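What the coordinates show
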Protein chains: 2
Amino acid sequence: MTRTATLEDVAQKAHVSKMTVSRVINHPELVAPELQVVVEDAMRKLNYHPNNAARALAKNQTSVVKFVILEDIDHMDPYYTNILFGMATELKKKNYSLQLLLKGSQIEQGPADGFVITGTRVDDYPMLNALKEPFILFGENRGGYDFVDTDNLGGETMATEYALKQGYRNLVFIGLDVKEAFEFSREAGYVNAMQQNKKIPSVNRVKNSTTAARAFMQEHLSEYPKNTCFICGSDRIATGVIQALVEEEKDIPGDYGVIGFDGILLDKVSSPKITTVKQDLWKIGETLAQLILRKINQNGAPQGEMFIKPTLSKAESTK
Amino acid sequence: MTRTATLEDVAQKAHVSKMTVSRVINHPELVAPELQVVVEDAMRKLNYHPNNAARALAKNQTSVVKFVILEDIDHMDPYYTNILFGMATELKKKNYSLQLLLKGSQIEQGPADGFVITGTRVDDYPMLNALKEPFILFGENRGGYDFVDTDNLGGETMATEYALKQGYRNLVFIGLDVKEAFEFSREAGYVNAMQQNKKIPSVNRVKNSTTAARAFMQEHLSEYPKNTCFICGSDRIATGVIQALVEEEKDIPGDYGVIGFDGILLDKVSSPKITTVKQDLWKIGETLAQLILRKINQNGAPQGEMFIKPTLSKAESTK
DNA sequence: CTGTTAGCGCTTTCAA
DNA sequence: TTGAAAGCGCTAACAG
């Protein structure tokens, strides 16, 4: 076993002190350029990699970020893999690693340099306020906390305008019946675009499940004339809407169009495949990581809000 | 800021040396029972938590396990959240944290005490053999590597026998057209159960997509008489099969039954909802963590194979 | 701009 | 069975 190279080794090879090597890594601006070159060369030759535990110990850090899901576990299935990998990839660059926590577990069990938290509701605000470490939320909120989220408003605006452009005359919004910021933003995106185009908005809300959406459609389909496009608050809802339409043997996308929101998986297994507002989960993860890292670095300084642009993924459920 | 308690603090409070405290934590059997009590009491009173970085440094460890996905990224969406959280929860107990890696990234970028790897194919074996650190695979393999997986064979046997019990006379298997151990096991589960019951097996394979499964059904449905149950290698395939059946206005579950495999999400958004063999992903994650931790602890000693029992989730697609 | 000294909190010797 | 000393690899604080 060849012991892995240490600062000391590099220092010797470069004929400088450990500190100079350390500085080249952490504060290169304090080191003479010529020395930098020599030191970097030595590091390369020795295949030097800093020992993270030692650094963490010396700096009194943990090199750990905790990712916390406050929602119920069965909601979480498909959603987080990409976010997690996006985050992890970014964290890795600073040699950070992840711990994953669920609702039940005490957030404060064991230390971390920072938190990324998702699924927070207003009830959780007291707990957030009590948190000593810096944190970033995934998900729009009106509590003034730093967050990253999909541009829900912009995304739904885009969807609405696309439906219009494709020639649908009636646009009906079917959203989620939750009182959450992301849902309000999606509704606003739809409503704004409608008003912009001098159309009368029709906002409906159902439980976020295919079954609920299907039931809603079974009850109301007769009210919607041909050439209607349903702008849905999620792909689950869109899936239910499509099922109801198919049952009634309606012509999709000819007479009826459907647009979903999410683009995680459901859009691709539906038949017809769903046109949807696709979230860039990986990017969201990366951004989450960048913000929390920066916040840690800046001693908890506010990082503001960050909206990640979704894309419209066009498929078979619209003209 | 009240500095967090250290070994030293505990030692003073308990009137012993640091070493005794350290021993109480790591090798309690070497400490007099009476002292143990005193020390543990002091730890509690001071709310002592070991500093992981310090420990890692002293023991020359990293406290990091890497989770590596070798598959293409778009397959991965829904699958891993539960495994990851199951793992993380178990790792946390030993103060371990996670780093997440994807195919492209060099596995060996930066150190870890061990690896959990998924999506390995035969091509990857050389890389596995070159790995210095201990690893556990998620996914059956015939390469002799330690692994954890769902009991694919048992699961499909269970599905097949259930279909029989429900009175379906013809059982048709529609699996994935991949040459992977998990698929062979699922097929074997079906075939064994059929032979056991003196039935002639019919094994078919399609690409793992709803579209492919639907196309297959469109072509072959006429060959299958009423009272047939389709035993599918995945929920994606089951979804496609159901779509084709619905299109042809067949009676599900009366004339035709469908059973899937996975139970991740698709089974619940389908209409009718899919009876499926549900994997216990959380448990798989926990087990993965336990094995890699033990393997690390035992200096790489083989841990063997571990099959996690799935459950049959009964829904609307079968009698 | 560079080096020296000290110490982060823990565990591994070794001695008692 | 317990303790004292040394050191894991790094960085902060100071001095030069």
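Small disclaimer: the values here were computed from a predicted structure and weren't measured.

Close to DNA strand D lie 26 residues, the nearest being A:Leu7, A:Tyr48, B:Thr20, B:Arg23 and B:Ala32. Expressed as a percentage, the sugar and phosphate content of the atoms of DNA strand D within 4 Å of the protein is 63%. B:Arg23 is positioned with one of its side-chain polar atoms (N or O) 2.4 Å from a base oxygen of DNA strand D. Contributions of two or more residues to the surface near DNA strand D are made by α2 (18-26) and α4 (52-59) of chain A together with α2 (18-26) and α4 (52-59) of chain B. Each residue belonging to the surface near DNA strand D can be placed in one class, and the counts come to 15 nonpolar, 6 polar and 5 charged.

What follows is about the domain arrangement of chain A. Assigned domains within chain A: domain 1 (7-50), domain 2 (64-150 + 281-308) and domain 3 (152-279). Distance between the C-alpha centres of domain 1 of chain A and domain 3 of chain A: 58 Å.

Quick look at the sheet that holds strand β7 (residues 203-206) of chain B now. All names here are of chain B. With mixed pairing, the 6 strands of this open sheet are ordered in space as β7-β6-β8-β9-β10-β12. Across the chains shown, the open sheet's two edge strands, defined by having one partner strand only, are β7 and β12 (311-313). Taken pair by pair, the neighbouring strands of this sheet meet at an average axis angle of 25 degrees, ignoring direction. Across 4 bridges, strand β6 (residues 170-176) lies against β7 in parallel orientation. Each residue of the ladder has a partner; that of isoleucine 174, found in β7, is asparagine 204.

Once chain A is rotated about the relating axis by 180 degrees and shifted along it by 0.0 Å, it coincides with chain B to within an RMSD of 0.1 Å. Both copies of the chain, as the preceding transformation shows, are related through a two-fold rotation axis. Residue A:Pro78, judged by its C-alpha, is the member of chain A lying nearest the rotation axis, at 1.8 Å. A share of 100% of the interface residues of chain A reappears at the interface of chain B, consistent with the copies meeting face to face through the same patch.

The full set close to DNA strand C counts 25 residues, and A:Thr20, A:Arg23, A:Ala32, B:Leu7 and B:Tyr48 are the nearest of them. For DNA strand C, the fraction of atoms within 4 Å of the protein that belong to sugar or phosphate moieties is 59%. Take B:Ser22: an N or O atom from its side chain is 2.7 Å from a phosphate oxygen of DNA strand C. Only α2 and α4 of chain A together with α2 and α4 of chain B provide two or more residues apiece to the surface near DNA strand C. For the surface near DNA strand C, the leading source of residues is α4(B), giving 5 residues. The residue makeup of the surface near DNA strand C, split by class, is 15 nonpolar, 6 polar and 4 charged.

Further remarks concern the pairing of strand β3 (residues 114-118) of chain B. In summary, the side chains of a regular strand alternate between the two faces of the sheet. Residue and element names in this part refer to chain B. The buried count for β3 comes to 5 of 5 residues, which makes it a mostly enclosed element. Side-chain alternation along β3 places Gly114, Val116 and Thr118 on one buried face and Phe115 and Ile117 on a second face that is also buried. In the sheet, strand β1 (residues 64-69) pairs with β3 via 5 bridges, with the strands oriented parallel. Looking across to β3, one finds that phenylalanine 67 is bridged to valine 116. Sheet topology places β3 next to strand β4 (residues 135-138); 4 bridges connect them, and they run parallel. When the bridges of β4 are listed, valine 116 appears paired with isoleucine 136.

Before going further, it helps to spend a moment on the sheet that holds strand β9 (residues 256-262) of chain A. Residues and elements named next belong to chain A. Taken in spatial order, the 6 strands of this open sheet run β7-β6-β8-β9-β10-β12, and their pairing is mixed. Edge positions in the open sheet fall to β7 (203-206) and β12 (311-313), since each of these has one partner strand only. The average undirected angle you get between the axes of adjacent strands in this sheet is 25 degrees. Looking at chain direction, strand β10 (residues 275-278) and β12 are connected through 3 bridges and run antiparallel. Within β12, the residue paired with lysine 278 across the bridge is threonine 311. Contacting β6 (170-176), β7, β8 (228-232), β9 and β10, helix α10 (residues 235-247) runs over the sheet at an angle of about 160 degrees to β9.

Per the counting criterion, the structure on display carries 20 salt bridges over all chains. A salt bridge links A:Lys295 to A:Asp146, with the nearest nitrogen and oxygen atoms 2.7 Å apart. Taken together, the residues A:Lys295 in helix α12 (residues 281-297) and A:Asp146 in the loop between β4 (135-138) and β5 (147-150) connect sequence positions 149 residues apart. The same class applies to A:Lys295 and to A:Asp146, which are both buried. Between B:Glu187 and B:Arg205 there is a salt bridge; the shortest N-O distance is 2.7 Å. Separated by 18 residues along the polypeptide, B:Glu187 in helix α8 (residues 181-196) and B:Arg205 in strand β7 bring together distant segments of the chain. Take B:Glu187: its relative accessible area is 8%, and that puts it in the buried class. You can call B:Arg205 partly exposed: its relative accessible area is 46%. In the salt-bridge network here, residues are joined through shared partners; they are A:Asp41, A:Arg44 and A:Lys45.

Here we come to the UniProt feature "domain: HTH lacI-type" (unreviewed entry) in chain A. Under the UniProt annotation, "domain: HTH lacI-type" (unreviewed entry) lies at residues 5-59 of chain A. As a span, residues 5-59 of chain A carries 71% helix and 0% strand, and end to end its C-alpha atoms are 20 Å apart.

Another aspect to go through is helix α9 (residues 210-220) of chain B. Within the span of α9(B), buried status applies to B:Thr210, B:Ala213, B:Arg214, B:Phe216, B:Met217 and B:His220. Along the long axis of α9(B), the arc covered by the buried residues comes to 160 degrees, so they all point the same way. On its buried face, α9(B) is in contact with α11 (266-269) of chain A together with β6, β7, β8 (228-232) and α10 (235-247) of chain B.

Here the focus is the interface of chain A and chain B. Between chain A and chain B, the residue contacts involve 47 residues of the former and 47 residues of the latter. Approximately 3900 Å² of surface area, both sides summed, lies buried where chain A meets chain B, with 63% of it carried by carbon and sulfur atoms. Our enumeration of links across chain A and chain B arrives at 0 salt bridges. Linking chain A with chain B are 11 residue pairs in polar contact (both at pLDDT 80 or more), by the criterion used here. Where the side of chain A that touches chain B is concerned, the elements lending two or more residues are α4, β1 (64-69), α5 (80-92), β2 (97-102), α9 (210-220), α10 and α11 of chain A. Sorting elements by how many residues they give to the side of chain A that touches chain B places α5(A) first, with 7 residues. Its residues assigned to classes, the side of chain A that touches chain B comprises 24 nonpolar, 15 polar and 8 charged.

Cut-off values and rules
Residues numbered from 1 in each chain as written. Chains lettered and ligands numbered in written order. Predicted model: local features only at pLDDT ≥ 70, side-chain atom pairs only at ≥ 80, totals over all residues. Heavy atoms only, no water. Near = heavy atom within 4 Å. Polar contact = N/O pair within 3.5 Å; in protein donor to acceptor, adjacent residues only side chain to side chain. Helix = DSSP H or I, 4+ residues; strand = E, 2+ residues; numbered from the N terminus. Nonpolar A, V, L, I, M, F, W, Y, C, P; charged D, E, K, R; others polar. Domains from an automatic or database assignment. Pairing = 2+ DSSP bridges. Axes fitted to C-alpha atoms, helices over the stretch in contact; angles between N-to-C directions. Least-squares fit on C-alpha atoms with pLDDT ≥ 70 in both. Contact = heavy atoms within 4.5 Å. Buried < 20%, exposed > 50% of the residue type's maximum accessible area, 1.4 Å probe, protein only. Salt bridge = Lys/Arg side-chain N within 4 Å of Asp/Glu carboxyl O. UniProt positions renumbered as here; feature names shortened; annotations may be inferred. Arc of directions from axis to C-beta. Buried area = accessible area lost by both parts, 1.4 Å probe.

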